[in-house]
Amino acid sequence: MMQNKLAAACAITFIGAALAWADDPTPPPKYNPASVERGKQNFASTCGFCHGTSGKGGEKGPDLLRSVLVLDDEGGKSIGPVILKGRPGRGMPSFPLTPEQITDIANFLHNSIEATKDRDNYKILNIVTGDANAGKAYFNGAGKCSSCHSVEGDLKKIGAKYDPITLQTKMIQPDFSWTEGDPAKPVSAISVTVTLPTGESFTGTPIYGDDFTISLREADGTYRSFTRHKDSPRVEIKNRLQAHLDQLMHYTDADIHNLTAYLVTLK
């Protein structure tokens, strides 16, 4: 009976915690923000001239965010003695800081380490910051996007198909393969056409190519390979996404944001 009550109590606690998390999905800070800020100020004025104001190393001092001493520290217990006594043999003077100041500096360093660990988890906020009208003008004019794309054709309702981040990524980093047709079949952006001296030609997805050999796979799956001698056979490579690659040399940040703002309206 006691075990059942304990299990029930644990379940209630777990559910309560889950509900609290649902109400506020942002976890509490691991280190007291006020302490971290005080530590940042103390570190900059006391240690920053050697270790850099961020602790990532300076002209004389090493990167403390990678220091084994700091990584093993808990609340300043390992850092404190070094701060108070210094390391004369390594050119580090002693600093008569209070226990509270040492704790604050330790919290600042550990908080910086946690932030570094989490650098791959940046939250991307709203990227639709451009002018949709300017984006439309660029699409139909200076950018010449409309020479290949149509808002009533291949881009119809594209703003409903993709979220803004994916849409912008496909614009500046387009996929080189996708599916088309019914039933859908994989398609490559790059195709090669080999024309023999007789005039017969073969087109397909390039498999291999160098100065001596060119091979391809036709749409029906047929594999073909040709020996090359100088300019024979004639080889023509077509990249359906070349315009996107060329445009990267001309885009401005404003152009990209304006285009994104326009494309998301196509719903």
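Residues numbered from 1 in each chain as written. Predicted model: local features only at pLDDT ≥ 70, side-chain atom pairs only at ≥ 80, totals over all residues. Heavy atoms only, no water.

A. Main features of the overall build of the protein chain. Helix and strand content of the protein chain: 11 helices and 7 strands. Across the 267 residues in the protein chain, those meeting the buried criterion constitute 30%. For the protein chain, the share of sequence-separated contacts (at least 6 apart) that also reach a separation of at least 24 residues comes to 50%. Surface summary for the protein chain: the accessible area is close to 18,200 Å², and the carbon and sulfur share equals 56%. (Helix = DSSP H or I, 4+ residues; strand = E, 2+ residues; numbered from the N terminus. Buried < 20%, exposed > 50% of the residue type's maximum accessible area, 1.4 Å probe, protein only. Contact = heavy atoms within 4.5 Å. Areas by Shrake-Rupley, 256 points an atom, 1.4 Å probe, with all protein chains shown as cover.)

B. Just the side chain of N107, in detail. Among the structural elements, N107 can be located in helix 6 (residues 99-117). With relative accessibility at 12%, the residue N107 sits in the buried group. A distance of 2.8 Å separates polar atoms of two side chains, one belonging to N107 and the other to S35. If we skip the residues at most four places from it in the chain, N107 touches Y31, S35 and V36. (Polar contact = N/O pair within 3.5 Å; in protein donor to acceptor, adjacent residues only side chain to side chain.)

C. Region of the structure containing the pairing of strand 5 (residues 213-217). The pairing of strand 4 (residues 201-209) with strand 5 spans 4 bridges and is classified as antiparallel. Of the residues in strand 5, the one forming a bridge with G209 is I214. By the bridge criterion, 5 bridges tie strand 5 to strand 6 (residues 223-227) in an arrangement that is antiparallel. In the strand pairing of strand 6, S215 is matched with S225. Here strand 5 hands over to strand 6 after 5 residues, with G221 in that stretch at a positive phi of 95 degrees. (Pairing = 2+ DSSP bridges.)

D. Up close: unusual backbone geometry. A cis amide bond links S232 with the next residue in sequence, P233, at an omega value of -5 degrees. Turning to its location among the elements, P233 is positioned in the loop between strand 6 and strand 7 (234-239).

E. Examining helix 7 (residues 132-140) more closely. Listed in full, the buried residues belonging to helix 7 are G135, Y138 and F139. For helix 7, the angular spread of the buried residues around the axis is 100 degrees, confining them to a single face. Those residues of helix 7 that are buried are in contact with helix 10 (242-247) and helix 11 (253-263). Measuring from the backbone nitrogen of N133 back to the side-chain oxygen at the start of helix 7 gives 2.9 Å, which picks out D131 as the cap. (Arc of directions from axis to C-beta.)

F. Broad picture of the state of the cysteines. The final tally for this structure, using the stated rule, is 0 disulfides. Looking at the unpaired C47, the closest cysteine sulfur is the one in C50, lying at 8.7 Å. C50 sits in the buried class, given a relative accessible area of 14%. (Disulfide = S-S within 2.5 Å.)

G. Quick peek at the nonpolar core. Judged by nonpolar contacts, the single largest core of 17 residues is most densely connected at F43, V70, I79, I83, L97 and L109. Within the residue set of this core, elements represented by two or more residues are helix 2 (33-46), helix 5 (79-85) and helix 6. Considering every element that reaches this core, the biggest residue donor is helix 6, with 6 residues. Among all residues touching F43, those that are not within four sequence positions of it are G48, H51, G52, T53, S54, G55, L64, I105, F108 and L109. Counting residues in each nonpolar core, the second largest holds 14 residues, with F139, I158, Y251 and L259 among its members. (Core = buried A, V, L, I, M, F, W, Y, C linked by side-chain atoms within 4.5 Å.)

H. Structural context of the confidence of the model for the protein chain. When pLDDT is averaged along the protein chain, the result is 82, and 86% of the positions lie at 70 or above. Overall, residues 1-26 carries pLDDT values under 50, and its contacts beyond four positions in sequence, including any with other chains, amount to 1 contact. (pLDDT = per-residue confidence, 0-100.)

I. Representation of helix 9 (residues 164-172) within the structure. By the burial criterion, the buried members of helix 9 are L167, Q168 and M171. Looking down the long axis of helix 9, one finds its buried residues gathered within 95 degrees of arc, a one-sided arrangement. Among the structural elements, helix 8 (158-161), helix 10 and helix 11 are those in contact with the buried residues of helix 9. Backbone nitrogen of I165 and a side-chain oxygen of the N-cap are separated by 3.0 Å at the start of helix 9; the cap is D163.

J. Layout of the sheet that holds strand 4. Read from one edge of the open sheet, 5 strands run 6-5-4-3-7, paired in antiparallel fashion. Pairing within the sheet leaves two strands with one partner each, and these edge strands are strand 6 and strand 7. For this sheet, the mean inter-axis angle between neighbouring strands, taken without regard to orientation, is 40 degrees. (Axes fitted to C-alpha atoms, helices over the stretch in contact; angles between N-to-C directions.)

K. Structural view of the environment of H149. Checked against the element boundaries, H149 lands in the loop between helix 7 and helix 8. It is 9.1 Å that separates the C-alpha atoms of H149 and F139, two residues lying 10 residues apart in sequence. Once residues within four sequence positions are removed from consideration, H149 is found in contact with F139, D154, L155 and H244.

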